[in-house]
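# Residue-level structure breakdown
What follows is the residue order along each chain.
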Amino acid sequence: MKTKRASERMKNAVIVLLLISAVLHGWASRLFGNGPARPVAALVALYDRLTASSGGSAAAERFTEAAKPWTVLITNENGGRYAVRYDTRERDTLYGRTSGLFGEAIGSAGAPVKIAKERWRTALEDAGIYYEYALPIKLFVLSGWFGARVEGDWGSLPVRRIAVVSRGDAGAVLFQDAVTGDLYEAKTAMISGLESVISLYDDNGAAFAFQRGLRAQDETSLILEGAYQHPLVEASSPLENEDNLVSVLNTLGVSEHLKFSYIDRDGARVYVEQSATISVSPGGLVRYRVDERTVPIDTQPDEATAIEMARDMAAKTVGLYSGEAEVTFSGARAVSYGVWEVEFVYAIAGGRIDSSLGYPAARITVTGAEMTEMELYFRTYHTGGGSVELLPEAQAVAAAGGMCRLVYVDNGGAMLEPAWMVWSEGAA
């Protein structure tokens with residue numbers, strides 16, 4: 001689980017200095033086959049190639065998180081617990097201040113060892129930071145989002161809960177296998193900056209189910225105090241705007257001047273552009289498919305790479321028109337050798353948005369180095385139209401006997417109402 005972050009950074013810094021000199025000298029002689037502009041683009045491209053070929057960690061560190069934690073909890077030195085789940089702006093602030101600490105901790109961690117439930121509970125009460133994700137994510141994928149790299153078989157473990165805690169002059173990373181429930185701890189060096197971050201936050205009443213004495217099936221469910229007012233959500237279809245539709249088609253490679261299109265029997269307009277077929281339904285569902293005969297699998301991306309490729313495409317399409325909602329990773333599966341199917345859902349105000357039609361925000365098939373099939377459901381969501389009072393979270397968990405998740409059901413109407421849904425372990 002260790003990395004060589006310091007040495008890799010030094011090596012990459014030397015590479016940068018060398019390639020700057022190379023680009024500046026080579027540009028004038030057209031060494032890179034360049035025209036009279038864009039030396040910066042060439043510099044970036046050359047850096048990418050050099051760091052990738054040198055075995056450096058730059059390629060992994062470029063991956064942007066495809067999902068942020070559903071919940072962030074900070075426990076200060078006095079045992080006070082500050083948690084954020086439904087205020088996504090505050091969640092983003094906390095994540096921005098703390099995600100680098102996870103990278104530092106994972107990067108200096110030793111081999112994980114299995115621990116007992118009692119040790120896990122004790123650690124959750126130590127000073128530190130705790131992330132809870134909405135679904136399991138492979139540890140090697142998750143660590144890549146933190147800018148670290150996990151070595152060995154540990155990377156394949158699916159993780160939904162992960163914590164970094166302080167112990168005097170040392171620290172620890174703790175995580176749970178979301179499938180088996182097994183608990184692990186990996187010792188780390190002292191985590192610089194952890195104390196200064198956690199000291200910024202006081203207690204806001206958050207507590208785990210076992211601390212409240214709740215008889216929940218999941219005793220480490222984190223319960224927030226006063227979480228009962230939740231916003232109504234306004235929904236609309238952005239592709240009803242012709243300019244938005246043209247922009248999306250351009251992103252998918254369809255020229256706005258393309259004349260050849262037709263209406264299929266389901267009412268969708270179908271475009272054929274070179275080897276790809278794109279259909280746009282009246283409700284905002286866009287389907288994209290490449291002729292498989294034209295797509296050789298020249299590379300076999302691993303799961304993290306496939307997720308990053310799909311995340312980037314989702315951000316450029318449905319993510320541009322989602323309004324206040326996030327387009328967040330909800331799963332990946334290997335379809336066949338070199339082929340991955342990656343899904344994303346909409347989430348807003350700490351709640352997941354479910355389409356009554358069963359559409360995710362995006363379902364993208366990555367084949368080798370290309371995206372060969374996509375299902376993109378374009379919706380725009382905003383809060384601000386009032387709120388609904390639900391049972392407080394603690395009462396909802398006690399009544400359900402398990403963790404509850406805030407859910408909005410989108411049936412195509414203009415207004416979505418929040419509701420509690422019993423949430424099984426590992427559900428998206």
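Below: a short report on this structure. None of these values were measured; they are calculated from a predicted model.

## What about empty space enclosed by the protein?
What the rule picks out here adds up to two cavities of 30 Å³ or more. One number sums up the size of the largest cavity: a volume of about 200 Å³. Around the largest cavity, the lining comprises 21 residues; the ones closest to its centre are Lys68, Ala134, Thr328, Ala347 and Arg405. Within the residue set of the lining of the largest cavity, elements represented by two or more residues are helix 4 (88-107), strand 4 (128-138), strand 15 (326-336), strand 16 (339-348) and strand 17 (351-355). Among the elements that take part in the lining of the largest cavity, strand 15 stands out by supplying four residues, more than any other. Empty space within the second largest cavity amounts to approximately 40 Å³. Lining the second largest cavity, in full, are Leu73, Thr75, Ala123, Leu124, Asp126, Ala127, Gly128, Ile129, Tyr130, Ala163 and Val165. When contributions to the lining of the second largest cavity are tallied by element, the ones reaching two or more residues are strand 1 (71-75), helix 5 (117-124), strand 4 and strand 5 (158-167).

## Some words on helix 10 (residues 303-316)
Here helix 10 contains 14 residues, and its C-alpha end-to-end distance of 20 Å stays within 8% of the 20 Å for a straight helix at 1.5 Å per residue. Looking at the buried positions of helix 10, the neighbouring elements they touch are strand 4, helix 6 (139-145), strand 15, strand 16, strand 18 (362-367) and strand 19 (370-377). For helix 10, the N-terminal cap is Asp302; the gap from its side-chain oxygen to the backbone nitrogen of Ala304 is 3.3 Å.

## A few points about the sheet that holds strand 10 (residues 229-236)
Here we have three strands laid out as an open sheet, ordered 20-10-22, and antiparallel in their pairing. Edge strands, defined here as strands with exactly one partner in the open sheet, are strand 20 (380-389) and strand 22 (415-416). Alignment of strand 10 against strand 22, held across two bridges, turns out to be antiparallel. Looking across to strand 22, one finds that Val233 is bridged to Leu416.

## Focus: the pairing of strand 16
The side chains of a regular strand alternate, first on one face of the sheet and then on the other. Counting buried positions along strand 16 gives nine out of 10 residues, so the element sits mostly inside the fold. Two elements, strand 15 and strand 16, share nine bridges in a ladder whose sense is antiparallel. By the bridge assignment, Gly331 is partnered in strand 16 with Glu343. Of the strand pairs in this sheet, strand 16 and strand 18 are connected by six bridges, and their pairing is antiparallel. Bridge pairing in strand 18 links Phe344 to Ala362.

## Some remarks on the nonpolar core
By size, the foremost hydrophobic cluster in this structure holds 106 residues, and its most contacted members are Trp145, Ile162 and Ile364. Of all the elements, helix 10 adds the most residues to this core, at seven residues. Residues within four places of Ile162 in sequence aside, it is in contact with Phe102, Ile106, Ile129, Tyr130, Tyr131, Tyr133, Leu139, Leu142, Val173, Leu174 and Phe175. Counting residues in each nonpolar core, the second largest holds six residues, with Ile223, Val397, Met403 and Trp423 among its members.

## Observations regarding the layout of surface pockets
In this structure, the largest pocket occupies an estimated 500 Å³ of space. Lining of the largest pocket is provided by 23 residues; of these, Lys68, Asp92, Glu324, Glu326 and Val327 occupy positions nearest its centre. Mapped onto the lining of the largest pocket, the elements with two or more residues apiece are helix 4, helix 10, strand 15 and strand 16. For the lining of the largest pocket, the residue count by class is nine nonpolar, six polar and eight charged.

Reading the values: rules and limits
Residues numbered from 1 in each chain as written. Predicted model: local features only at pLDDT ≥ 70, side-chain atom pairs only at ≥ 80, totals over all residues. Heavy atoms only, no water. 1 Å grid on protein atoms, 1.4 Å probe; cavity = no way out; pocket = protein on both sides within 12 Å on 5 of 7 lines; lining within 4 Å. Points joined across faces, edges and corners; volume = space filled by probe spheres on them. Helix = DSSP H or I, 4+ residues; strand = E, 2+ residues; numbered from the N terminus. Expected span 1.5 Å × (residues − 1). Contact = heavy atoms within 4.5 Å. Polar contact = N/O pair within 3.5 Å; in protein donor to acceptor, adjacent residues only side chain to side chain. Pairing = 2+ DSSP bridges. Buried < 20%, exposed > 50% of the residue type's maximum accessible area, 1.4 Å probe, protein only. Core = buried A, V, L, I, M, F, W, Y, C linked by side-chain atoms within 4.5 Å. Nonpolar A, V, L, I, M, F, W, Y, C, P; charged D, E, K, R; others polar.

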